[in-house]
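This is what each chain is made of:
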Amino acid sequence: MAIRRFPVERIEMGGTSIPPGETVMLCLASANRDPDRYPDPDQFDIFRQDKTHLSLGQGLHYCLGASLARMEIETALATLLRRFPGLGLATRVEELPWRTSVRSRALKALLVTNSQSSYIG
Ligand code: HEM
């Protein structure tokens, strides 16, 4: 979910009329999986041609920490995969434990197996 929005005047959106002062909750995760926008949206595919998404927001309130977040994630994932090249899921995808939260979607835990390890670097 994005930060709440409060229209200052009546707006029409997707066939819905929203009066001024009303609370609007924007679900970015849902927009990222819009089947009218992205083919096969629930499929995790790192080779997608269209890499656009709304996970860091858009426009005026675009995430101020976007560059830092991208650097941190790149470093963390590259280091993890370098140190543990044999990393795999210890459970079936359908059995992953998710937190129950309206605001964000996150795992409670991620149990993994490691068939090979390297502590160099
Ligand atoms: C993977 C990590 C991150 C994600 C997915 C993320 C996502 C987002 C999203 C979606 C927004 C827009 C919210 C909206 O429009 O309502 C946002 C705004 C913002 N983010 Fe991030 N963020 C991340 C990391 C960070 C970091 C590391 C910082 C700071 C060091 C940061 C600081 C901010 C700030 C200050 C805003 C508000 C910008 C504004 O309203 O003008 N974020 N972020």
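Quick look at the structure, then. Keep in mind that this is a model prediction, so the values were computed, not measured.

Describing the overall build of the chain
Point 1. Assigned secondary structure in the chain consists of 2 helices and 4 strands.
Point 2. Put simply, the chain runs from its N terminus to its C terminus through helices and strands in the order β-β-α-α-β-β.
Point 3. For 121 residues, the compact-globule estimate of 2.2 N^0.38 gives 14 Å, and the C-alpha radius of gyration of the chain, at 19 Å, exceeds that figure by more than 25%.
Point 4. Seen along its three principal axes, the alpha-carbon backbone of the chain occupies a region of about 60 × 30 × 30 Å.
Point 5. Within the span of the chain, comprising 121 residues, buried residues form 10% of the whole.
Point 6. A separation of at least 24 residues holds for 32% of the contacts in the chain among residues at least 6 apart in sequence.
Point 7. In the form shown here, the chain has an accessible surface area of approximately 10200 Å², with 59% of it arising from carbon and sulfur atoms.
Point 8. Taken together, the 15 basic and 13 acidic charged side chains of the chain have centroids lying 8 Å from each other.

Here's the deal with the state of the cysteines
Point 1. Using the criterion set out here, one finds 0 disulfides in the structure.
Point 2. Note on Cys 27: no disulfide assigned, nearest cysteine sulfur contributed by Cys 63 at a separation of 17 Å.
Point 3. Look at Cys 63 and you get partly exposed, because its relative accessible area is 30%.

What about the environment of Asp 50?
Point 1. Structurally, the position occupied by Asp 50 is in the loop between α1 (28-32) and α2 (66-83).
Point 2. Note: C-alpha distance between Asp 50 and Thr 16 (34 residues apart in sequence) is 29 Å.
Point 3. Among the polar contacts made by the side chain of Asp 50, one reaches the side chain of Arg 37 at a distance of 2.6 Å.
Point 4. A distance of 2.6 Å separates the side chain of Asp 50 from the side chain of Thr 52, its partner in a polar contact.

Some remarks on the site of the ligand
Point 1. Neighbouring residues of the ligand: 16 residues in total, closest Ile 3, Arg 5, Ser 55, His 61 and Cys 63.
Point 2. Contact between the ligand and Ile 3: an oxygen atom at 2.7 Å from a main-chain N or O atom of the residue.
Point 3. One of the side-chain N or O atoms of His 61 is found 2.7 Å from an oxygen atom in the ligand.
Point 4. Considering each element in turn, the shell around the ligand owes the most residues, 3 residues, to α2.
Point 5. Each residue belonging to the shell around the ligand can be placed in one class, and the counts come to 11 nonpolar, 4 polar and 1 charged.

Criteria and cut-off values
Residues numbered from 1 in each chain as written. Predicted model: local features only at pLDDT ≥ 70, side-chain atom pairs only at ≥ 80, totals over all residues. Heavy atoms only, no water. Helix = DSSP H or I, 4+ residues; strand = E, 2+ residues; numbered from the N terminus. Rg over C-alpha atoms; globule rule 2.2 N^0.38 Å. Buried < 20%, exposed > 50% of the residue type's maximum accessible area, 1.4 Å probe, protein only. Contact = heavy atoms within 4.5 Å. Areas by Shrake-Rupley, 256 points an atom, 1.4 Å probe, with all protein chains shown as cover. Lys, Arg positive; Asp, Glu negative; His and termini not counted. Charge placed at Lys NZ, Arg CZ, Asp CG, Glu CD. Disulfide = S-S within 2.5 Å. Polar contact = N/O pair within 3.5 Å; in protein donor to acceptor, adjacent residues only side chain to side chain. Near = heavy atom within 4 Å. Nonpolar A, V, L, I, M, F, W, Y, C, P; charged D, E, K, R; others polar.

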